[in-house]
Amino acid sequence: MTDWIDIKAGASAYQHIQEQGLTADDVGLLLGASGGPKWFVLQGLDRWMFGEFFKDKKEPLNTLGTSAGAWRFAALGQQDPVAASDLFCRLYRTQTYSSKPDRDEITSEAKALLAKYVPEQAVTEILGQSAVRHHFIVARCRGWTAAETKKQMLGLLSSAFANGLNRRWLGRFYERVIFHHPQSDLSFSRGWRDLPTHHVELTHENFQSALLATGSIPLVLDGVTDIPGAPTGTYRDGGITDYHFDLDLSEVNGLVLYPHFHREAIPGWFDKRLSWRRTTGKKWPNVVFVTPSEDFIQSLPYGKIPDRTDFASLDAATRIDYWEKAVDAGKRMADQLQDWVASGKLREKTKLWHP
């Protein structure tokens, strides 16, 4: 039988799986990365996790997401998280634009999608429950990176150059802001000092703005300004600082479950082309890293996972059909993981992640 998923785990997570398997109560944090439509292959996993796996979890589940990851997790805490996830998937998958959409058009479309996916009632539901504690990372811009003029490009180039020399220098251009559920104790994130980091409580007044901001890609969407309850300024995509994450997750109480669409973890947005800068897993002893196998990727149309370039390279009908097929294919990943967890086969399928 073909393996549609690959699983590797840090030392303590690996030992736990070998001795006890994996249950919802073992998981303390669910992690979700930036990456635009790449997440479509994970929607099957989301439906299983949101609807079955975490349904009877006894202790609260923390989530941490940037950009598309944070948007995915906004289904959790809603009255019917599976229906909410399906809605987000359908709205995102069927987006269409004019032949040459500008920033205003793309921003307007994002706001319209948000209003349908996370309306005021959904915000009330999410903040009124404590079974899921959300955390969104958003980048607060400094200097020219906050501009909506040509200066923004200069700011981006400067920050990319600084990041290439030393990732910590990215903090001269952006601050990491973690918007969090009111009942979060923030225990797993208090020690993050790699970049300037702030914590802001999620409220009815700022939830939608924070969620919009964490997906506001520079130059593509407008930044979100002066989010209520947060320091004044312009906020953009959380993937700028934390694309696939390189954070110390060793303080998480429990395992970290990380379903990811990429077989590598790229720390920040500007690290995509820096092949030597990849998360090694050294600070992830408790992470269970679930990714599509190479066989799965090759089984997809075009032999690749969807991405934002599809908007330009494919006509709308072809793109939407391709993305729907990617979502359907992802159900194979979910079925396989569910089977491995239930049968105990997860023990033999999980590989030790060597930093």
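Procedures and definitions
- Every chain's residues receive numbers from 1 upward, in the order its sequence appears when written.
- Since the coordinates come from a predicted model, pLDDT governs what is reported: local features require at least 70, and pairs of side-chain atoms require 80 or more to be given and counted, while whole-chain, interface and lining totals use all residues.
- Calculation of side-chain values draws on the structure's entire complement of heavy atoms; hydrogens and water are dropped beforehand.
- We define a nonpolar core as any set of buried Ala, Val, Leu, Ile, Met, Phe, Trp, Tyr and Cys residues linked to one another through side-chain atoms lying within 4.5 Å.
- Exposure is judged per residue with a 1.4 Å probe applied to protein chains only, and the accessible area is read against the type maximum: over 50% gives exposed, under 20% gives buried, and values in between give partly exposed.
- Helix and strand assignments follow DSSP, with helices taken as H or I runs no shorter than four residues and strands as E runs no shorter than two, numbered in order from the N terminus.
- Any two residues whose heavy atoms approach within 4.5 Å at even a single point are treated as in contact.
- Points on a 1 Å grid over protein atoms alone make up a cavity when a 1.4 Å probe fits among them but cannot get out, and a pocket when they form an open set with protein on both sides within 12 Å along at least five of seven lines; lining residues each have an atom within 4 Å of a point.
- Grid points are joined across faces, edges and corners, and a volume is the space filled by probe spheres set on the points.
- In this classification, the charged set is Asp, Glu, Lys and Arg, the nonpolar set is Ala, Val, Leu, Ile, Met, Phe, Trp, Tyr, Cys and Pro, and all remaining amino acids, among them Gly, are polar.
- Ring pairs are drawn from Phe, Tyr and Trp, using the six-membered ring of Trp, whenever the two centres fall within 6.5 Å, and their geometry is named by plane angle: stacked under 30 degrees, edge-to-face over 60, tilted for the rest.
- We call a charge positioned over a ring when the NZ of a Lys or the CZ of an Arg lies within 6 Å of the ring centre and within 35 degrees of the ring normal.
- Strand pairing is defined by DSSP finding a minimum of two bridges between the two strands.
- Geometry is summarised by axes, namely lines fitted to C-alpha atoms with helices restricted to the contacting stretch, and by angles between N-to-C directions that run from 0 to 180 degrees.
- Here the angle decides the label: under 35 degrees means roughly parallel, over 145 means roughly antiparallel, 65 to 115 means roughly perpendicular, and every other value means oblique.
- Handedness of a helix crossing follows the sense of rotation of the near helix relative to the far helix, less than a right angle counterclockwise being left-handed and clockwise being right-handed.
- As used in this structure description, the phrase polar contact means that two N or O atoms lie within 3.5 Å; if the pair is within protein, one of them must be able to donate a hydrogen and the other to accept it, and residues adjacent in sequence are counted only when both atoms belong to side chains.

- Taking an unreviewed UniProt entry as the reference, the protein chain is identified by name as Alpha/beta hydrolase belonging to Idiomarina abyssalis.

### What about the nonpolar core?
Move 1: Counting residues in each nonpolar core, the largest one holds 115 residues, and the members touching the most others are Tyr117, Val118, Phe179 and Leu249.
Move 2: Counting residues per element, this core draws most heavily on helix H11 (residues 316–343), at 10 residues.
Move 3: Filtering out sequence-adjacent residues up to four positions away, Tyr117 remains in contact with Trp71, Arg72, Ala74, Ala75, Gln78, Ala84, Leu87, Phe88 and Leu91.

### Section: the layout of surface pockets
Move 1: Here the largest pocket defines a volume of roughly 1,000 Å³.
Move 2: As for the largest pocket, its lining consists of 42 residues, of which Gly36, Tyr92, Ile217, Arg308 and Phe311 are closest to the centre.
Move 3: Those elements giving two or more residues to the lining of the largest pocket turn out to be helix H3 (68–73), helix H4 (81–93), helix H5 (103–117), helix H10 (310–313) and H11.
Move 4: Of all the elements, H5 adds the most residues to the lining of the largest pocket, at 3 residues.
Move 5: A class-by-class count of the residues in the lining of the largest pocket yields 20 nonpolar, 13 polar and 9 charged.

### Quick word on the packing of aromatic side chains
Move 1: For the coordinates displayed, the defined rule picks out 26 aromatic pairs.
Move 2: Ring geometry for Phe50 versus Phe73: centroids 6.5 Å apart, planes at 70°, classification edge-to-face. Of this pair, Phe50 sits in helix H2 (residues 43–53) while Phe73 sits in helix H3, and the two are 23 residues apart along the sequence.
Move 3: On the basis of relative accessible area, Phe50 is assigned to the buried category, the value being 5%.
Move 4: A network of ring pairs unites the aromatic residues Trp39, Phe40, Trp71, Phe88, Tyr92, Tyr97, Tyr117, Phe311 and Trp323 as a single cluster.
Move 5: Stacked on the ring of Trp353, the Lys or Arg Lys8 has its end atom at 4.3 Å from the ring centre.

### Digging into the pairing of strand E10 (residues 255–259)
Move 1: When you tally the buried positions in E10, you get 5 out of 5 residues, the bulk of the element.
Move 2: Every second residue of E10 is oriented toward a common face, with Leu255, Leu257 and Pro259 on one face and Val256 and Tyr258 on the other, all of them buried.
Move 3: As judged from the 3 bridges shared by strand E2 (residues 27–32) and E10, these two strands associate in the parallel manner. By the bridge assignment, Leu29 is partnered in E10 with Val256.
Move 4: Where E10 meets strand E11 (residues 287–292), 4 bridges bridge the pair, whose relative direction is parallel. Each residue of the ladder has a partner; that of Tyr258, found in E11, is Phe289.

### Let's talk about the pairing of strand E5 (residues 135–141)
Move 1: For E5, the buried fraction is high: 7 of the 7 residues fall into the buried class.
Move 2: Neither face of E5 is exposed, since His135, Ile137, Ala139 and Cys141 on one face and Phe136, Val138 and Arg140 on the opposite face are all buried.
Move 3: Bridge count between E5 and strand E6 (residues 174–180): 7 bridges; the pairing is antiparallel. For Cys141, the partnering residue across the bridge sits in E6 and is Tyr174.
Move 4: In terms of strand pairing, E5 meets strand E9 (residues 234–236) through 2 bridges, oriented antiparallel. Note on E9: the bridge partner recorded for Arg140 is Tyr235.

### What about the packing of H5 against helix H8 (residues 207–214)?
Move 1: Here H5 crosses H8 at 135°, and the two axes come no closer than 11 Å. On the basis of the axis angle, H5 is oblique to H8. For the element pair H5 and H8, the recorded crossing hand is right-handed. Of H8, the residues touching H5 (which contributes Ala110, Lys111 and Leu114) are Gln208, Leu211 and Leu212.

### Thoughts on the side chain of Thr145
Move 1: Among the secondary structure elements, Thr145 is positioned in the loop between E5 and helix H7 (151–165).
Move 2: A distance of 2.8 Å separates the side chain of Thr145 from the backbone oxygen of Arg142, its partner in a polar contact.
Move 3: Discounting residues that sit within four places of it in the chain, Thr145 has contacts with Gln152, Gly155, Leu156, Ser159, Phe173, Tyr174 and Arg236.

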